[in-house]
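One-letter residues, chain by chain:
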Amino acid sequence: MKRFLLYYHTIKHLKLKQILFQLKYRLIKPKIKSCSRGKVLRRNLQLSFPVRGKASWNSEYNASFLNQTKLVNTEKKWDVNASALWLYNLHYFDDLNVAESAKTVPFYSRLIDNWILTVSHDSHSVALDPYPSSLRLVNWCKYIWRHNIKNENWNRSIYEQSNLLARKLEYHLLANHLFANGKALIFVGVFLEEKLGRKLLGLGLNIIKQQVAEQFLPDGGHFERSPMYHNILLWDLLDLIFLAKKSQGLITESHINIWQETAVKALNWMDAMEHPDGGIAFFNDSTLSVAPTGEEIKSFAKLLGLEANWGKNAPDNVFYLKNSGFISVVKPLYKLIADIGDVSPRYQPGHSHAETLSFELSVRGKRVFVNSGISQYGNDAKRQLQRATKSHNTLIPNNSNSSQVWGGFRVAKASKVEQVSVNSEESVIDCTIRGFWDLNRKGNSHNRRFSMHEDGFSIYDKISEDGLSCVVIFKLHPDIKVLKNSEDSVLLSVDEHAEISMSTEGGKIKIIDSTWYPSFGHEVPTKTVLINVDAQNLETNIRINNARNQ
């Protein structure tokens, strides 16, 4: 019965379109069709999109993705024993648009030739899945435009791949996958001077029009509530604006205007959610070295003439991102970012974690309290751990999750925000959620109040049900050292000039070993301050001493 309810509370949120396309793709598996045209024409455009990232291939055909390096057998359909995500990265061809690619054009051109020969018609390869196909098509178009390459065989392959993509659009998944599909169709629609090109351009523009309106919220945040995916989708949007402005009128001003307005809001959101070190906060599926950095995005935006309201890291600011459910508080000594929102979107919560009411903290520009981050996808114990409430800086009753995260990308009953109060003048945030459904079918409520001051803040936690074994955790960034601790206090070293003192009323402190996951395939040992809650209430006081050794 428990398993049935898990499926029921997961499936009931799906859109009918998702269910129908899931059934369709299980029954009908579109195959790539060879192009019978004598010659495939492309438009005579020469464009140079901004480059980013580092090369993943070397000249010996070793490829490094997700912090794993493997030899790619390019003679046998690029056969590699690796995870699905590693193989997806292999077939994205992101290397075509890194800075170093200009120096090794012959090598990358041979890779494309080899891929077309050995992989492009392999119906069993994940290379032809819609998502890697979408990213690959965009990367090929950019590469060809940058170097003004005239290659009939490549044009033909782009024709064939895009024709397949148009018949495999990810309506069963929606969200960021469908956005990537739509972007690819627009790129190919501008690339091909063919009837198919015009068809794909129209289809892609229609998809992106719908998805921009749905996926980017009024406060600028992407609706999957992941800073990592927000930056990925924002870069996609900037790519589309750049292409539209260079497309010789193929994409109208009405599309460009909407994209630009959306991008400016998204830039502001990104700025508010960044740590002072310029990196993303670890909420939901987020980790470093995947998405474009804030610096790269800001540089691209400046190139496009987009003016955002920068300064979200300026002191004495409180930014309540109401639609996406985050709060960002900046004081002279620290920046605090907290999740006070619901799981979103309910029909596609694959990148959501059981993390509501968790927070991250930077002091003097350095990360101090961090959520765990992620190091992999999949459906194993580590994936479950990284999505669990106990991997986030919040309260955990009876080792349970605030939302029922399960599988690799599933959520059944999600926590629900019952009330939020934000007093910007007093820097007080008060939020109550109902969740932890495995403990009580009606759920338990957790109230958390942040009260911010110039030199620190206090957190007040209260759980509705008595008799639960509750802990509150504060995961430390690996660079933060524990100087001393007792049952009711702990002293942390931030750097040579700053210390943090923590004290508690209503709980007992201990330091435990834990792990931080700063990127895929990478884990770093660290410490966690764990507070065992005596009853239903806990007060944690955090003070920053900025005069150490001065």
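In the block above lies the structure referred to throughout.
Residues numbered from 1 in each chain as written. Predicted model: local features only at pLDDT ≥ 70, side-chain atom pairs only at ≥ 80, totals over all residues. Heavy atoms only, no water.

*Asks:* Before we go on, may I ask you to explain the overall build of the protein in this structure?
*Replies:* What the protein contains, in helices and strands, is 12 helices and 21 strands. A compact globule built from 550 residues would reach a C-alpha radius of gyration of about 24 Å, and the protein, at 25 Å, matches this within 12%. C-alpha atoms of the protein, sized along the principal axes, occupy 80 × 60 × 45 Å. Contacts in the protein between residues far apart in sequence, at least 24 positions, make up 68% of those at least 6 positions apart. Taking the average place of the 68 positive charges on the side chains of the protein and the average place of its 55 negative ones, the gap between the two points comes to 8 Å. (Helix = DSSP H or I, 4+ residues; strand = E, 2+ residues; numbered from the N terminus. Rg over C-alpha atoms; globule rule 2.2 N^0.38 Å. Contact = heavy atoms within 4.5 Å. Lys, Arg positive; Asp, Glu negative; His and termini not counted. Charge placed at Lys NZ, Arg CZ, Asp CG, Glu CD.)

*Asks:* Mind showing me how you'd approach the packing of aromatic side chains here?
*Replies:* Note on aromatic pairs: each is described by the distance of the centres and the angle between the planes. Counted under the stated rule, the structure contains 37 aromatic pairs. Ring plane angle 80 degrees and centroid distance 5.2 Å describe the contact between F65 and W86, whose orientation is recorded as edge-to-face. In this pair, F65 is assigned in strand 1 (residues 62-65) and W86 in helix 3 (residues 84-92), connecting sequence segments 21 residues apart. Arranged with centres 6.0 Å apart and planes meeting at 75 degrees, the rings of Y92 and Y131 form a pair that is edge-to-face. Pair noted here: Y92 is in helix 3 and Y131 is in helix 5 (residues 130-147), with a separation of 39 residues, a long-range link. (Phe/Tyr/Trp six-rings, centres within 6.5 Å; stacked < 30°, edge-to-face > 60°.)

*Asks:* Please explain the state of the cysteines as it appears in this structure.
*Replies:* In protein structure, a disulfide is the covalent linkage between the sulfur atoms of two cysteines. Evaluation of the coordinates by the stated rule reveals zero disulfides. C35 takes part in no disulfide bond, and the closest cysteine sulfur to it belongs to C141, at a distance of 15 Å. Here C470 is not cross-linked by a disulfide; its sulfur's nearest cysteine counterpart is in C431, at 17 Å. In this structure C470 comes out as buried when scored by relative accessible area, which is 2%. (Disulfide = S-S within 2.5 Å. Buried < 20%, exposed > 50% of the residue type's maximum accessible area, 1.4 Å probe, protein only.)

*Asks:* Please explain the sheet that holds strand 5 (residues 334-339) as it appears in this structure.
*Replies:* The pairing of strands in a sheet happens through backbone hydrogen bonds and is either parallel or antiparallel. Overall, antiparallel pairing links the five strands, which are arranged 3-4-5-6-7 in an open sheet. Since the sheet does not close on itself, it has two edges, and those belong to strand 3 (317-321) and strand 7 (366-369), each with one partner. Recorded for the sheet is a direction-independent mean angle of 15 degrees between the axes of neighbouring strands. The sheet contact formed by strand 3 and strand 4 (residues 326-330) spans five bridges and is antiparallel. Counterpart to Y320 in the pairing with strand 4 is I327. (Pairing = 2+ DSSP bridges. Axes fitted to C-alpha atoms, helices over the stretch in contact; angles between N-to-C directions.)

*Asks:* Is there a simple way to think about the environment of A498 in this case?
*Replies:* In this structure, A498 sits in strand 18 (residues 498-505). Between the C-alpha atom of A498 and that of L333, which follows or precedes it by 165 residues, the distance is 9.6 Å.

*Asks:* Just to check I follow, could you spell out the nonpolar core for this structure?
*Replies:* Grouped burial of nonpolar side chains is what soluble globular proteins tend to show. If you look at the biggest cluster of nonpolar residues, it comprises 100 residues, and the most contacted ones within it are W57, L90, W145 and W259. Here this core gets 13 residues from one element, more than from any other, and that element is helix 9 (residues 227-245). With near-sequence residues (within four places) excluded, W259 lies in contact with I186, L205, I208, V212, L237, L240, I241, A244 and I251. In this structure, I429, M452, I480 and V529 belong to the second largest nonpolar core, which totals 43 residues. (Core = buried A, V, L, I, M, F, W, Y, C linked by side-chain atoms within 4.5 Å.)

*Asks:* I tried to follow the sheet that holds strand 15 (residues 470-475) on my own but got confused; where do I start?
*Replies:* Taken in spatial order, the four strands line up as 8-15-20-19 in an open sheet, and their pairing is antiparallel. Because the sheet does not close on itself, it has two edges, and the strands there are strand 8 (395-397) and strand 19 (507-519). Taken over all neighbouring pairs, the strand axes of this sheet differ in orientation by 30 degrees on average, direction set aside. Examined bridge by bridge, strand 19 and strand 20 (residues 522-533) share 11 bridges and lie antiparallel to one another. When the sheet's bridge partners are listed, K510 is paired in strand 20 with L530.

*Asks:* For this particular structure, what's the right way to read the environment of F474?
*Replies:* Residue placement: F474 occurs in strand 15. Between the C-alpha atom of F474 and that of I511, which follows or precedes it by 37 residues, the distance is 9.7 Å.

*Asks:* Just to check I follow, could you spell out unusual backbone geometry for this structure?
*Replies:* Trans is the prevailing form of peptide bonds, just as negative phi is the prevailing case for residues other than glycine. The omega angle of the peptide bond from S344 to P345 is -10 degrees, so this bond is cis rather than trans. As for its position among the elements, P345 is in the loop between strand 5 and strand 6 (359-363). Not every positive phi belongs to a glycine, and R225 is a case in point at roughly 60 degrees. Along the chain, R225 turns up in the loop between helix 8 (195-215) and helix 9. Here R364, not a glycine, exhibits a phi torsion of approximately 50 degrees, which is positive. Relative to the helices and strands, R364 resides in the loop between strand 6 and strand 7. You can call R364 partly exposed: its relative accessible area is 34%.

*Asks:* I'm lost on the packing of helix 5 against helix 6 (residues 152-166) in this one. Help?
*Replies:* When two helices pack together, their arrangement is given by the angle between the helix axes and by the axis-to-axis distance. At a minimum axis separation of 10 Å, helix 5 and helix 6 run at an interaxial angle of 150 degrees. The orientation of helix 5 relative to helix 6 falls into the category roughly antiparallel. Crossing geometry of helix 5 relative to helix 6 is assigned as left-handed. Here helix 5 contributes P130, S134, R136, L137, W140, C141, Y143 and I144 to the contact with helix 6, which in turn contributes W154, S157, I158, Q161, S162 and L165. Each residue belonging to the contact of helix 5 with helix 6 can be placed in one class, and the counts come to nine nonpolar, four polar and one charged. (Parallel < 35°, antiparallel > 145°, perpendicular 65-115°, else oblique. Left-handed = near helix turned anticlockwise from the far one by under 90°. Nonpolar A, V, L, I, M, F, W, Y, C, P; charged D, E, K, R; others polar.)

*Asks:* Even after reading the chapter, I still don't get the pairing of strand 18, so can you show me in this structure?
*Replies:* Taken residue by residue, a regular strand's side chains alternate between the two faces of the sheet. As paired elements, strand 17 (residues 489-495) and strand 18 share six bridges and run antiparallel to each other. Among the inter-strand pairings, S489 is bridged to a residue of strand 18, identified as S503. Between the end of strand 17 and the start of strand 18, which pair antiparallel, lie two residues. Summarising the sheet, strand 18 and strand 21 (residues 537-545) pair through seven bridges and their orientation is antiparallel.

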